[in-house]
Amino acid sequence: MSHQPFETWLLSEENLDEEQEKALQTHLEDCRQCQQLSHSWTQVQSLISTSGVPDPAPGFSQRWQQRLAVRREHQQQRRMWFLTLGILTTALIIFLGLAVITFSSHSLSYEISQTFASLARTVAKVSHFWEMIQSVVQSFPLIIPLLVILGLGSFSVSITLIITWLSSLIRLYQPVKEGVINQ
Amino acid sequence: MEEQEALWITKALEVDDSAFGHLVEQYQRPVFSLCYRMLGNSKEAEDAAQESFLRAYRYLKRYDTNRSFATWLLSIASHYCIDQMRKRRLDTVSTDALPAEIIADHNAPNPELVFRSREKEAMIQNLLNTLKPTDRAAIILRYWYQYSEIEIAESLKLSVSAVKSRLFRARQALANGMTTAESTLSVSERRPDESPAL
């Protein structure tokens, strides 16, 4: 059995017209579930209407005044705590700042700058050496043929000179021998 | 009274503690009652009511004088209680925790009537404790303070349709809770008639 819209009518507290009221009563005669719902809701309403209004214990207003005083004291203490914390933090920041400035103005900064300078110099030397190697390697296609030509030329000249020297030696010895024979 | 209240508010805005003290005196009962219904016990209700007044005093400059001061105050108390319930997860509170001095019925000198009154209070509080914080606040404002759905929406910062749906869901939960409570009660009442052999 469908309980809608009767369940809604029972609990929505909207004013029902005559026809709706009649339909609801007819449904309630047959439906035990909706009867129970209607009965229970009526019981709840009755309980609410007869329930008393609980009173606070006497002296509520005085207790509120005391609580207000305590709360203000706590707020004051908190404000003081934050103020102290703020002052201490500011002092610490100033102290640390001054310490950094003091240490950085003497040997420490000089040492650091020198280390950086020598490091930069080393890097520059390595870079220069590397560039030199690169330029030599790049010029190989021009130098090698030239060296080969020069080498071959030198070798040829040397061989020619040696042959000339040997042939002249041979010529020098031959007439002496011929003269000795002729005598 | 409204003129007097406006005067107290004006003075309280100038940080006059005694002027706000008058407002505390005037509204302590409804604020405490709301907190009690929301939280389910007097100790936490006292704490929440006190805190609500402190917040109201602190943020008094935000109060719109065109609105009702009571509505604004109860709105602060409702939100505070909802936050507390979410933090502490007070889903259920035992009826044993309900203090006798709070739920005493002043019109009932008869001990039996006092007992019945306490039983009723415990039952309604247990039913309220089954609701979600915002639903509970909506029901309390609707039935204990006779707020309209628009006023509830303003107090809890919800739309009117959201209030309607929350109220419907809460009524359903309360009715179902009552059905369960009644069936449990009828079972426990039958026990004395049962056979001693059982």
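What you are looking at is a predicted structure, and each value in this text was computed from that prediction instead of being measured.

Asker: Account for the environment of Leu54(B), naming residues and giving values.
Answerer: Residue placement: Leu54(B) occurs in helix α3 (residues 42-58). Residues Leu54(B) and Phe20(B), spaced 34 residues apart in sequence, show a C-alpha to C-alpha distance of 9.8 Å. Residues in contact with Leu54(B), not counting those within four places in the same chain, are Arg67(A), Leu68(A) and Arg71(A).

Asker: Got a sec to walk through the confidence of the model for chain B? Specific residues and values, please.
Answerer: Residues and elements named next belong to chain B. Taken as a whole, chain B shows an average pLDDT of 84; of its residues, 82% reach a score of 70 or greater. Averaged pLDDT values over the elements of chain B bottom out at 46 in helix α5 (residues 100-103) and peak at 95 in α3. Ignoring residues within four places in sequence, the model shows residues 93-105, a span with pLDDT below 50, making 24 contacts including any to other chains. Among the scores for the predicted complex, ipTM is 0.76 and pTM is 0.66.

Asker: Requested: an account of the nonpolar core, with residues and values cited.
Answerer: Residues and elements named next belong to chain B. Core analysis: the largest hydrophobic core is formed by 51 residues, its most contacted members being Val 31, Cys 35, Ala 77 and Cys 81. Looking at this core, the element that brings in the most residues is helix α2 (residues 17-39), giving 11 residues. Leaving out residues up to four positions away in the same chain, Ala 77 has contacts with Val 31, Leu 34, Cys 35, Ala 48, Ala 49 and Ser 52.

Asker: Can you lay out α2(B) for me, pointing to particular residues and giving the numbers?
Answerer: Residue pairs three or four apart in sequence face the same way in an α-helix, which turns once every 3.6 residues. Residues and elements named next belong to chain B. Helix length check: α2, at 23 residues, gives a terminal C-alpha distance of 28 Å against a target of 33 Å (1.5 Å per residue), a shortfall beyond 12%. Its axis deflected by about 60 degrees at Tyr 27, α2 carries its strongest bend there, up to four residues before the proline Pro 30. One or two residues past the end of α2 sits Gly 40, with phi positive at roughly 85 degrees.

Rules of the game
- Residues numbered from 1 in each chain as written.
- Chains lettered and ligands numbered in written order.
- Predicted model: local features only at pLDDT ≥ 70, side-chain atom pairs only at ≥ 80, totals over all residues.
- Helix = DSSP H or I, 4+ residues; strand = E, 2+ residues; numbered from the N terminus.
- Contact = placed C-beta atoms within 7 Å.
- pLDDT = per-residue confidence, 0-100.
- Core = buried A, V, L, I, M, F, W, Y, C linked by C-beta atoms within 7 Å.
- Buried ≥ 20, exposed ≤ 12 C-beta atoms within 10 Å, placed from the backbone.
- Expected span 1.5 Å × (residues − 1).
- Bend = angle between axes of the 7 residues up to and from the residue.

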